[in-house]
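Chain by chain, the residues run as shown.
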Amino acid sequence: MSAISREEVAHLAMLARIDLAPAELDRLAGQLGAILDSVATVQQVAGEDVPATSHPMPLTNVTRPDEPRPCLKADEALSGAPEKEQQRFRVPRILQED
Amino acid sequence: MTTTANGPGTLDEVLDYDTATAAFDPVMGLEVHVELNTVTKMFCGCPTEFGAEPNTQVCPVCLGLPGALPVLNRAGLESAVRIGLALNCRIAPLCRFARKNYFYPDMPKNFQTSQYDEPIAHDGWLDVELSDGEVYRVAIERAHMEEDTGKSLHVGGSTGRIHGADYSLVDYNRAGIPLIEIVTKPLTGAGERAPEVAKAYVSSLRDLLKGLGVSDVKMEQGSLRCDVNLSLRSRQDDDQMSVPLGTRSETKNVNSLRSIERAVRYEIKRHAARLRTGQKIVQETRHWHEDTGITTSGREKSDAEDYRYFPEPDLVPMQSDPEWVDSLRATIPEPPAERRRRLRAEWGFSEAELRDLINAGAVDLVAATIEAGATPAAARKWWSGELARQAKARGVDLCDLPITCEQVVELQGMVDAGRLTDTLARQVLDGVLAEEGGPEKVAAARGLSVVSDDSALGAAVDRAIEANPAVVKKILSGKTAATGALIGAVMRDMRGKADAARVKDLVLKRLVPQEGETDL
Ligand SMILES: [Zn+2]
């Protein structure tokens, strides 16, 4: 009993730029469906008296003063980059975009 | 109907502007992104300085490294609320950030932290004055907080555009700099003046943001950027509200006031040409070309713009306590347009005179100089005259000249007391700007003051008469215009430290003795 269709999984994969084979679409639709079913169960438990919430902690207005803190050095920042050039991250060109 | 080039191999037809606006009514939406001038980024402590070496103002938070947690910059939040208040918006009592998910290398986190259905400020307006004094009220839909993206350099293509690029190089110094996005409601009723309204709105918004001190608002550096949405509806229908808004196009990154006006005008002509011939308007983003004054097709709006917004779990909600909002409201300056109207009336300047001061960035300096005791005319004379010239020669802003408004008042006081001529006053000013001290000190040190001792002046006049017999002859034969030559000789003799009117008096008295007057 899958709550998510194969087409929806394909759409999400496109948005996330992940190339999925047809077999993977079927498998993931099943797995994601199971996760959504579990969440649906939790939703059934929440009654009218439980408001929707985005954050588990009753916190608001956590801010910091506008004061600079140390940055990474450029070589540290770039240390995890598969490719770099001119002290910048080198990335493949993006197709079919402006 | 004419055509203009639109990229390789395609041509866009455009309709004559008057015909277009006679047949159609433009509906505009303007989106302005303003970079705040906070010292640090929106969610981390990295500095926001413009022009730093690539990837030197980055940290785990703005690079989206695993485990890094953002914390909201209090100054960014306050600026957002102040902008909202200045735009007459309602401030949301409770609001959240949202993740705008998209996969593009300019955002290393794969989402932009933004606001979605709960903007911090909404439903406001800004009155915009057009060149003839007509006021158009721009309705504001929302102003929300978000963060800027990194900067990509496309390598291998011809012009830095992504088409034909082999790869891109990304600098994340800009990623995470606080942005406020200000979105208008669909603006209708401006008719053929729509391009003018668009320009005036962005110009007024820029003044307002400058007045609030929340941004550098430098369009050429990208700290203020504008996207123009445009659609047309038919004028033929009696009940315009029943006509659905046409499909809109979104022209991105129109980044000068002049370009905004031109881009709106061009899009009206292009849409009209298509609608006239029964063609559809494609919902798409378009690129503005400053050099040719046209837009070209970018990408079509598609499923790819499905951002799957959801509340940002790493940032807690913001609650606006009314007292806090009131304390911020107290810091909102008088709206620029109202202040201009008030000052112009108070100072008795013409529109043109005031506009010159505005363009020179001198309004606040003139106001402070008047406050310090100068007359409006004197304050304007110095700041839009000699001081403007000096600032230009030095390549600095007026406010960065090493002179205070009090010193300008002091200098003018010396002129008013007859102790300095305008020429001498300019020499004193040179000394002040050379940081030799205040006007009194410079005048004393450089020995600059009008010689009011008539015996010294008289002696100089005598010397001039003696040295210029030919001139004297002319004057005696009735050619009084020749007096100028003698006055010039005396002024040179006195090294400019004489009042020319007084010298003229003395010369004429010497050569043409008046009845009842004794010789000096
Ligand atoms: Zn950072």
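Above this text sits the structure in question.
Residues numbered from 1 in each chain as written. Chains lettered and ligands numbered in written order. Predicted model: local features only at pLDDT ≥ 70, side-chain atom pairs only at ≥ 80, totals over all residues. Heavy atoms only, no water.

Engineer: Please give an account of the sheet that holds strand S3 (residues 88-92) of chain A that cites residues and values.
Structural biologist: Strands sit in the order S2(A)-S3(A)-S12(B)-S11(B) across an open sheet of 4 strands; the sheet is antiparallel. Each edge of the sheet is formed by a strand with only one pairing partner; in this case those strands are strand S2 (84-85) of chain A together with strand S11 (151-155) of chain B. Two elements, S11(B) and strand S12 (residues 167-171) of chain B, share 5 bridges in a ladder whose sense is antiparallel. Pairing of Ser152(B) across the sheet is with Val170(B), part of S12(B). (Pairing = 2+ DSSP bridges. Helix = DSSP H or I, 4+ residues; strand = E, 2+ residues; numbered from the N terminus.)

Engineer: Give me the lowdown on the coordination of the zinc ion, citing residues and values where you can.
Structural biologist: The protein atoms donating to the zinc ion are Cys44(B) (SG), Cys46(B) (SG), Cys59(B) (SG) and Cys62(B) (SG), with metal-donor distances spanning 2.3 to 2.4 Å. Each of the 4 donor atoms bound to the zinc ion contributes to angles spanning 98 to 116 degrees, and the resulting shape is tetrahedral. (Donors = N, O, S within 2.8 Å, 3.2 Å for Na, K, Ca; no water. Tetrahedral: all angles 85-135°; square planar, octahedral: opposite > 155°, others 65-115°.)

Engineer: Lay out the packing of aromatic side chains in plain terms, naming residues and giving numbers.
Structural biologist: Under the definition given, this model contains 6 aromatic pairs over all chains. Consider the rings of Trp347(B) and Phe349(B), whose centres lie 5.5 Å apart with planes at 55 degrees: the pair is tilted. The pair formed by Trp347(B) and Phe349(B) is uniform in burial state, with each residue classed as buried. A connected cluster of aromatic rings, assembled from ring pairs, spans Tyr102(B), Tyr116(B), Tyr307(B) and Tyr309(B). Here the basic side chain of Arg90(A) rests over the ring of Tyr167(B), its NZ or CZ set 3.5 Å away from the ring centre. Here the guanidinium or amino end of Arg380(B) rests over the ring plane of Phe349(B), the centre of that ring lying 5.5 Å away. (Phe/Tyr/Trp six-rings, centres within 6.5 Å; stacked < 30°, edge-to-face > 60°. Buried < 20%, exposed > 50% of the residue type's maximum accessible area, 1.4 Å probe, protein only. Lys NZ or Arg CZ within 6 Å of the ring centre and 35° of its normal.)

Engineer: Got a sec to walk through helix H8 (residues 363-371) of chain B? Specific residues and values, please.
Structural biologist: Residue and element names in this part refer to chain B. Three or more residues of H8 are buried, namely Val-363, Leu-365, Val-366 and Thr-369. Viewed end-on, H8 has its buried residues packed into an arc of 165 degrees, placing them on one side of the element. Opposite its buried face, H8 presents the exposed residues Asp-364 and Glu-371, each directed more than 90 degrees away. Gly-373 lies just past H8 and shows a positive phi near 125 degrees. (Arc of directions from axis to C-beta.)

Engineer: I'd love a proper account of the nonpolar core, names of residues and values included.
Structural biologist: All names here are of chain B. Core analysis: the largest hydrophobic core is formed by 88 residues, its most contacted members being Ile-182 and Tyr-201. When residues in this core are grouped by element, the largest group, 10 residues, is from helix H3 (residues 194-212). Not counting residues up to four positions away in its chain, the partners in contact with Ile-182 are Leu-30, Glu-31, Val-32, Val-34, Ile-83, Leu-87, Ile-140, Arg-142, Ala-143, Tyr-201 and Leu-205. Membership of the second largest hydrophobic core comes to 35 residues, among which are Ala-374, Ala-379, Leu-398 and Val-408. (Core = buried A, V, L, I, M, F, W, Y, C linked by side-chain atoms within 4.5 Å. Contact = heavy atoms within 4.5 Å.)

Engineer: Hey, could you go over the interface of chain A and chain B for me, with residue numbers and the actual values?
Structural biologist: On the chain B side, the residues contacting the 37 residues of chain A number 58 residues. Viewed at the interface, chain B and chain A are joined by 25 residue pairs in polar contact (both at pLDDT 80 or more). Broken down by secondary-structure element, the contributors of at least two residues to the side of chain A that touches chain B are helix H1 (6-15), strand S1 (63-64), helix H3 (74-77) and S3 of chain A. Top element by residues in the side of chain A that touches chain B is S3(A). It accounts for 5 residues. (Polar contact = N/O pair within 3.5 Å; in protein donor to acceptor, adjacent residues only side chain to side chain.)

Engineer: Residue-level account of the side chain of Ser168(B), with values.
Structural biologist: Secondary-structure assignment places Ser168(B) in strand S12. By relative accessible area, which is 3% here, Ser168(B) ends up buried. Here His154(B) takes part through its side chain, which lies 2.8 Å from a polar atom of the side chain of Ser168(B). Setting aside its immediate chain neighbours within four residues, Ser168(B) contacts Phe89(A), Arg90(A), Val91(A), Leu153(B) and His154(B).

Everything listed here is a matter of coordinates, which is why it stays silent on function.
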